[in-house]
Amino acid sequence: MQRVTHPLLVVLLVTLASSGCAGRGDVAPKSEGETGTARTAAWFVERALEAGIDSVNDPGPEQSFFMPQSMGNGAALIDFDQDGRLDLYLLNGAGPASTSVNRLWHQEADGRFRDVSAGSGVDVAGFGSGVAVGDVTNDGLPDLFVSEYGGLRLFVNDGGGRFHDATAESGLAGRGWGSSSSFVDYDRDGWLDLVVANYVVYDAGSVCYAQDGTRDFCAPAEFPSASATLFRNTGHGPTPRFEDVSATSGLATLPGAGLGVLCADFDGDGWDDIFVANDQQPNRLWINRHDGTFVDEAVLRGVALTVIGATAANMGVAWGDVDGDGLSDLFVTHLEMETHTLWKQGPRGAFLDQSAAAGLVGAERSTGFGTVLADFDLDGDLDLAWVNGRVFAGPPAPAGSVPPFWRRYAQPNALAENDGTGRFRSIAATNSAFCGKANVARPLCAGDVDNDGDVDLVAGTTAGRVLLLENVAPRRGHWLTVRAVDPALSREAIGAVVTVTGGGQSWQRHIQPGSSYLSSHDPRAHFGIGETEAIDAIDVRWPDGARERFPGGSVDQGIVVRRGEGVPP
């Protein structure tokens, strides 16, 4: 049915006419002294080898210019044995005939990691792409979904460090090129469904050249685009079953070279929608109609194009309230000849490209992929990190930074501090562990890996070692982590929204490990709460829309909130 008018069109026009530097009016910006201290201190140290992780990514043979190599292989933080410590799953991309299998790392009690790949059932070889983590059988154990060039895989967690391949029995089918993916209970029936962003219909026999006549990776415009796939979980028991509802839901109607995906409530109605970041095409924002169908409202809500009305190479996705106004905002990474884009939300359900006002237009130009919004220094606002690496050859990075073939694609990563008003400034110069060395990085995962109350990072690099980045930022405040669990479902409440209130302020987080690019994060909600010394209340909007309030208490702790144990707000 065609819509003749929509009030958001008026809102967007008014907002465009009056756009400026939007910020949090009741909180003063950080002083130069405060900001200077944070900017001159390193925020991360790299400790993968120290922690026992010696994984080196294998993308396949060099000089083949096989396009999936340039797009990377995914990574996931997953507590697969539910011992309270985050483990790590890393994909390789050398193909099914390779000896380079995906690797599963278990975090031991001393913080070191042990390779438990052999015999785990997830030590498979293939053209690995993205990873999603979620409990699809509601048995209390997180399962693994892997998208690949050429297929999909579902690994069900059997406990004891073992998984079994349930792809065939689950009905998950696909022989295309899946990229990022996410679990979401879009129909509110208590069972996790699955959305997969699909890239292009790639012809592996294609040969492409750069402008100077040298061989290079192909561009997505050389191939037909693919539409996203939506699978509805119909198993409702120990044996997973999924039905492809892409056509009936509406997602199959618009192809778009999808790379990033995010499931969140974009229009404020309490139902999770689906955002797909498309490469060199308009983004799609699939608004949930509550009846199993979706309609694309990306143009209407302002997130299809950049502020100048142009398409862009949309890749990694991050979601969070950058200016403390209670509305989550959207950040998407792009190619180095473009500008990474921050769409700020306001009023609810309407978004506006505020990249310039946020200080991002003058940031270091780079081809960005995985990205994270997190409060790294615990001062109460969300900072920004993203990883970089070209898809087309450029000036070579210094010798020794990456294998010789990949030098023309390598770039340093980026890190930016939020000044408290939603404006960012680069602190890359003082963060050599993350930003000082060029790499070809693709996935970026965030989580409290060492359970010390701050957010650490894991970055996957093509043909390089994985980076485990421990957060050592000067602490400028207190913290809280919240794990939201629904006992009736025996699992994390993916899709819940958690709001923490204290000291006259509030902070909001969305429980959704699937975002960034080809990545899965810590499923806990992490809050930096600045100088607030006590929590007044914790409010949870559960995935089905029910609301509960839980008592506050002391800060600097991890807590678990269980559905049914709170009171009406």
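Keep in mind that this is a model prediction, so the values were computed, not measured. (Residues numbered from 1 in each chain as written. Predicted model: local features only at pLDDT ≥ 70, side-chain atom pairs only at ≥ 80, totals over all residues. Heavy atoms only, no water.)

### Here we look at the nonpolar core
Ranked by size, the top nonpolar core spans 21 residues in total, and within it F376, L415, F434, L444 and L457 carry the most contacts. Within the residue set of this core, elements represented by two or more residues are strand 24 (368–374), strand 25 (383–388), helix 7 (432–435), strand 28 (441–447), strand 29 (456–461) and strand 30 (467–471). Ranked by residues supplied to this core, first place goes to strand 28 with three residues. Contacts of L415, omitting those with residues within four sequence positions, involve W43, F44, F376, L384, A385, R425, S426, I427, A428, N431, F434 and C435. (Core = buried A, V, L, I, M, F, W, Y, C linked by side-chain atoms within 4.5 Å. Buried < 20%, exposed > 50% of the residue type's maximum accessible area, 1.4 Å probe, protein only. Helix = DSSP H or I, 4+ residues; strand = E, 2+ residues; numbered from the N terminus. Contact = heavy atoms within 4.5 Å.)

### Considering the pattern of salt bridges
This model, assessed by the stated rule, comprises 23 salt bridges. For D187, the salt bridge goes to R232, with nearest N and O atoms at 2.7 Å. Of this pair, D187 sits in the loop between strand 10 (178–184) and strand 11 (193–198) while R232 is found in strand 14 (residues 229–233), placing the two residues 45 residues apart along the sequence. The residue R390 makes a salt bridge to E336 at a minimum N-O spacing of 2.8 Å. In this pair, R390 sits in the loop between strand 25 and strand 26 (414–418) while E336 sits in the loop between strand 21 (329–332) and strand 22 (341–345), placing the two residues 54 residues apart along the sequence. For R390, a relative accessible area of 10% gives the class buried. With a relative accessible area of 24%, E336 lands in the partly exposed category. Shared partners join several salt bridges into a network, and the residues in it are D377, D379, E417 and R476. (Salt bridge = Lys/Arg side-chain N within 4 Å of Asp/Glu carboxyl O.)

### Observations regarding the environment of G74
Along the chain, the position of G74 falls in the loop between helix 3 (67–71) and strand 2 (75–78). In the structure, G74 is positioned 263 residues away from M337 in sequence and 25 Å away in space, judged by C-alpha atoms. If we skip the residues at most four places from it in the chain, G74 touches Y89, L90, L91, S129, V131, P443 and L518.

### Things to note about the domain arrangement of the protein chain
For the protein chain, the assigned domains read domain 1 (57–471) and domain 2 (479–562). Once you take the C-alpha centre of each, domain 1 and domain 2 turn out to be 22 Å apart. Buried area between domain 1 and domain 2, both sides added, is near 3,300 Å², and the carbon and sulfur share of it is 48%. The residue D265 makes a salt bridge to R541 at a minimum N-O spacing of 3.4 Å. Of all the secondary structure elements, the ones that give two or more residues to the side of domain 1 that touches domain 2 are strand 2, strand 6 (128–134), strand 10, strand 16 (258–264), strand 20 (317–320), strand 24 and strand 28. Here the residues of the side of domain 1 that touches domain 2 sort into 28 nonpolar, 24 polar and 11 charged. (Domains from an automatic or database assignment. Buried area = accessible area lost by both parts, 1.4 Å probe. Nonpolar A, V, L, I, M, F, W, Y, C, P; charged D, E, K, R; others polar.)

### Examining the pairing of strand 17 (residues 273–278)
Most of strand 17 is tucked away, with six of its six residues classed as buried. Side chains D273, F275 and A277 project from strand 17 onto one buried face, and the interleaved I274, V276 and N278 project onto a second face that is buried too. Sheet topology note: the strand 16/strand 17 ladder contains six bridges and is antiparallel. Looking at strand 17, one finds that L262 is bridged to F275. Where strand 17 hands over to strand 18 (residues 284–288), the hairpin turn is made up of five residues, of which Q280 adopts a positive phi near 60 degrees. (Pairing = 2+ DSSP bridges.)

### Focus on the confidence of the model for the protein chain
Of the residues in the protein chain, 93% have a pLDDT of 70 or more, and the chain-wide mean is 93. Every residue in residues 1–35 scores below 50 in pLDDT, and together they form 57 contacts with partners more than four places removed in sequence or on other chains. (pLDDT = per-residue confidence, 0-100.)

### Things to note about the side chain of D87
Within the secondary structure layout, D87 lies in strand 3 (residues 87–90). No salt bridge is formed by the buried D87, whose closest oppositely charged neighbour, R85, lies at an N-O distance of 6.1 Å. A polar side-chain atom of D87 sits 2.8 Å from the main-chain amide nitrogen of Q107. With residues near it in sequence (within four places) discarded, D87 still touches A76, L77, I78, D79, F80, D81, W105, H106, Q107 and F113. (Lys, Arg positive; Asp, Glu negative; His and termini not counted. Polar contact = N/O pair within 3.5 Å; in protein donor to acceptor, adjacent residues only side chain to side chain.)

### Concerning the sheet that holds strand 7 (residues 143–148)
Taken in spatial order, the four strands of this open sheet run 6-7-8-9, and their pairing is antiparallel. Of all strands in the sheet, those bounded by a partner on one side alone are strand 6 and strand 9 (162–165). Sheet twist, expressed as the mean angle between neighbouring strand axes with direction ignored, is 25 degrees. Of the strand pairs in this sheet, strand 8 (residues 151–159) and strand 9 are connected by four bridges, and their pairing is antiparallel. In the sheet register, N157 faces strand 9, and the bridge partner there is F163. (Axes fitted to C-alpha atoms, helices over the stretch in contact; angles between N-to-C directions.)

### Things to note about the packing of aromatic side chains
Counted according to the given criterion, the structure contains 28 aromatic pairs. Summarising the aromatic geometry, the rings of W43 and F376 are spaced 6.3 Å apart at their centres and angled 55 degrees between planes, so their arrangement reads as tilted. A residue pair is termed long-range when its members are at least 10 positions apart, and W43 in the loop between helix 2 (32–40) and strand 1 (44–46) and F376 in the loop between strand 24 and strand 25 qualify at 333 residues. Assessed through its relative accessible area of 1%, F376 is described here as buried. Grouping aromatic residues by their ring pairs yields a cluster made of F66, F127, Y149, W177, Y199, Y202 and F223. (Phe/Tyr/Trp six-rings, centres within 6.5 Å; stacked < 30°, edge-to-face > 60°.)

### Describing the state of the cysteines
With the rule as written, the count across this model stands at one disulfide. Sulfur-sulfur distance for the disulfide between C208 and C218 comes to 2.0 Å. On the sign convention where negative is left-handed, the bridge of C208 and C218, at about 95 degrees about the S-S bond, is right-handed. Placement of C208 in strand 12 (residues 208–209) and of C218 in the loop between strand 13 (215–216) and strand 14 is noted, with a sequence separation of 10 residues between them. In terms of burial, C208 and C218 fall into one category: buried. Here C263 stays free of any disulfide, with the sulfur of C445 as its closest cysteine sulfur at 17 Å. On the basis of relative accessibility, which here comes to 0%, the residue C445 falls in the buried class. (Disulfide = S-S within 2.5 Å.)

### Here's the deal with the side chain of D381
The residue D381 is located in the loop between strand 24 and strand 25 in this model. Of the polar contacts made by the side chain of D381, one reaches the backbone nitrogen of G420; its length is 3.4 Å.

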